[in-house]
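Close look at the chain arrangement
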Amino acid sequence: MTIRAVVRGVGHYLPARVMENAEFEAHLETSDEWIRTRSGIERRHIAAPAETTSQMATLAAKAALADAGMAAEALDTIIVATSTPDFTFPSVATMVQAGLGNTTGYGFDVQAVCAGFVFALANAQALILSGQAARILVIGAETFSRILDWNDRSTCVLFGDGAGALVLEAEMGSGTSADRGILSTDLHSDGRHRELLYVDGGPSSTGTAGHLRMQGNAVFRHAIEKLASTAETALEKAGLTDGDIDWIVPHQANIRIIEGTAKRMQVPMDHVVVTVQDHGNTSAASIPLALSVGRDRGQIKRGDLIVTEAIGGGLAWGAVVLRW
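Okay, so let's go over this structure. Throughout this description, residue numbers start from 1 for each chain and increase along the sequence as written. Given that this is a predicted model, residues contribute local features only at a pLDDT of at least 70 and side-chain atom pairs are listed and counted only at 80 or more, while totals for whole chains, interfaces and linings are drawn from all residues. Heavy atoms throughout the structure, all of them, feed into the side-chain values; hydrogens and water do not.

Along the chain, Ala 64 turns up in helix α2 (residues 53-68). The spacing of Ala 64 and Ala 124 is 60 residues in sequence and 16 Å in space, taken between C-alpha atoms. Only heavy atoms enter the contact rule, under which two residues are in contact if any of them lie within 4.5 Å. Apart from the residues lying within four places of it in its own chain, the contact partners of Ala 64 are Gly 9, Val 10, Gly 11, Leu 137, Ala 165 and Val 167. Only DSSP runs of H or I covering at least 4 residues are called helices, and only runs of E covering at least 2 are called strands; the numbering of each starts at the N terminus.

Looking at the largest pocket, its volume works out to about 760 Å³. Here a cavity is any set of points on a 1 Å grid over the protein atoms alone where a 1.4 Å probe fits but cannot get out, and a pocket is any open set with protein on both sides within 12 Å along at least 5 of 7 lines; a residue lines the site when it has an atom within 4 Å of a point. Considering the residues around the largest pocket, the lining is formed by 31 residues, among which Ser 83, Thr 84, Pro 85, Gln 111 and Ala 209 are closest to the centre. Of all the elements in the fold, those that place two or more residues in the lining of the largest pocket are β5 (106-110) and β9 (197-199). When the residues that make up the lining of the largest pocket are grouped by side-chain class, the tally is 14 nonpolar, 13 polar and four charged. Its volume calculated, the second largest pocket comes out at about 520 Å³. Lining the second largest pocket are 25 residues, and of these Leu 158, Met 214, Gly 216, Asn 217 and Asn 254 sit closest to its centre. When residues in the lining of the second largest pocket are grouped by element, the largest group, six residues, is from helix α5 (residues 216-237). Side-chain classes are defined by residue name, with Ala, Val, Leu, Ile, Met, Phe, Trp, Tyr, Cys and Pro counting as nonpolar, Asp, Glu, Lys and Arg as charged, and the others, Gly among them, as polar. The residue inventory of the lining of the second largest pocket, partitioned by class, reads 15 nonpolar, seven polar and three charged. Grid points are joined across faces, edges and corners, and a volume is the space filled by probe spheres set on the points.

Oppositely charged side chains can form a pair if their charged atoms are brought close together. For this document, the term salt bridge refers to a Lys or Arg side-chain nitrogen within 4 Å of an Asp or Glu carboxyl oxygen. Throughout the structure, instances matching the rule amount to 19 salt bridges. The closest approach of N and O atoms between Glu 225 and Lys 226, which form a salt bridge, is 4.0 Å. Exposure classes here rest on a 1.4 Å probe applied to the protein chains alone. A residue is buried below 20% of its type maximum, exposed above 50%, and partly exposed in between. When its relative accessible area of 12% is taken as the criterion, Lys 226 is described as buried. What emerges from the salt-bridge pattern is a single network uniting Glu 20, Asp 32, Arg 36, Glu 42, Arg 43 and Asp 278.

Taking strand neighbours across the sheet as the criterion, the five strands line up as β1-β7-β6-β4-β5 in an open arrangement whose pairing is mixed. At either margin of the open sheet sits one strand with a lone partner, and together these are β1 (2-13) and β5. Averaged over all neighbouring strand pairs, the angle between strand axes comes to 20 degrees, with direction disregarded. Two strands pair when backbone bridges link them, and strand β6 (residues 135-143) and strand β7 (residues 161-173) are joined in this way by nine bridges, in the antiparallel orientation. Across the sheet, the residue bridging to Ala 141 is Ala 163, located in β7. For every element, the axis is a line fit to its C-alpha atoms; helices are fit only across the contacting stretch, and the angle between N-to-C directions ranges from 0 to 180 degrees. Those strands touched by α2 are β1, β6 and β7, and its axis lies near 120 degrees from that of β1. Contacts between helix α4 (residues 116-129) and the sheet are confined to β1, β4 (77-81), β5, β6 and β7, with β6 contributing the most and set at about 165 degrees to the helix. The criterion for strand pairing is that DSSP finds at least two bridges linking the strands in question.

Looking now at the nonpolar core. Grouping buried Ala, Val, Leu, Ile, Met, Phe, Trp, Tyr and Cys residues that are joined through side-chain atoms within 4.5 Å yields what is termed a nonpolar core. Counting residues in hydrophobic clusters, the biggest one holds 48 residues, and the most contacted among them are Phe 24, Val 157, Leu 235, Leu 240, Ile 245, Met 265 and Val 321. For this core, the secondary-structure elements that each account for two or more residues are α5, α6 (255-264), β12 (305-312) and β13 (316-323). Looking at this core element by element, the count peaks at nine residues for α5. Setting aside chain neighbours within four positions, we find Leu 240 in contact with Ser 177, Leu 183, Leu 235, Leu 305 and Val 321.

The residue after Phe 89, namely Pro 90, is reached through a cis peptide bond having omega 10 degrees. Note on placement: Pro 90 falls in the loop between β4 and α3 (92-100). That bond from Gly 314 to Leu 315 is cis: its omega, -10 degrees, falls within 30 degrees of zero. With respect to the helices and strands, the residue Leu 315 is situated in the loop between β12 and β13. A positive phi angle, close to 60 degrees, is found at Gln 266, a residue other than glycine. By secondary structure assignment, the location of Gln 266 is in the loop between α6 and α7 (276-279). In this structure Gln 266 comes out as exposed when scored by relative accessible area, which is 71%. Despite not being glycine, Ser 283 has its phi angle at roughly 55 degrees, a positive value. Mapped onto the elements, Ser 283 comes out in the loop between α7 and α8 (286-297). Judged by its relative accessible area of 0%, Ser 283 falls in the buried class.

Functional significance is not addressed by these values, which are geometric in nature.
As structure tokens, then:
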């Protein structure tokens, strides 16, 4: 017998404003066709001027708690993965805690950019396995629209805003790969690649929020190799193979990266949950958003074996294998 971190509920929130690709044509040398061809993105959601990361995270959290049939007071821990907090401090997690009315637990943020939700899941699993928590809310939430250079067509067309959340709860399992819950994790980082994807601002450097900068071709090359590799390693740790996968739920960055990774893993695209066309790259929010949408579509069902993988600035990357 072993303790597993089992998914009890899932939910998401997207801002009301939908920005279609055609909107960029008015001020950039680009087109809907150019964006779709290179990224697979057709539209994205953009936060309203007064809408913040913590507000979106709280709404996604409420949806996940309702789905789980769980009261906020039952939570031991809240973990928020984000690179776009409301403030330098306090953490978004403590703001979500207040928004939910939880007064008995604790919260903290994880910053691993687009890989943030994978890192947050790994931290949540560790807390549950160690007995430090029994019920954890894990959220990915971003307002990347606030750090985009809207004159840089290579980056501003790719990103969007939103939030997704999972409720995890400790449950005893048999210790085999047939158990529900998180079966394995695999995390990596390599700080030598900072210049490939970063924000050119911060409290101790410029005193400003800065703008996102990316060397797209280099990130693409790293992504396919590293994402397939970390997913394979996570599967191996769980005693599973590519053939056992029901769904890959990848970081939704670029359809070509998603297709390339699936091909390398020999998983057909009809076993991959794809939402990038409607959300763009929502960084740490993209995996929980895709999990929530995939469940709502009827794709993801109880007992399905899921592999999630992501790569982001740092570079930081990793994968999680879980049974829904």
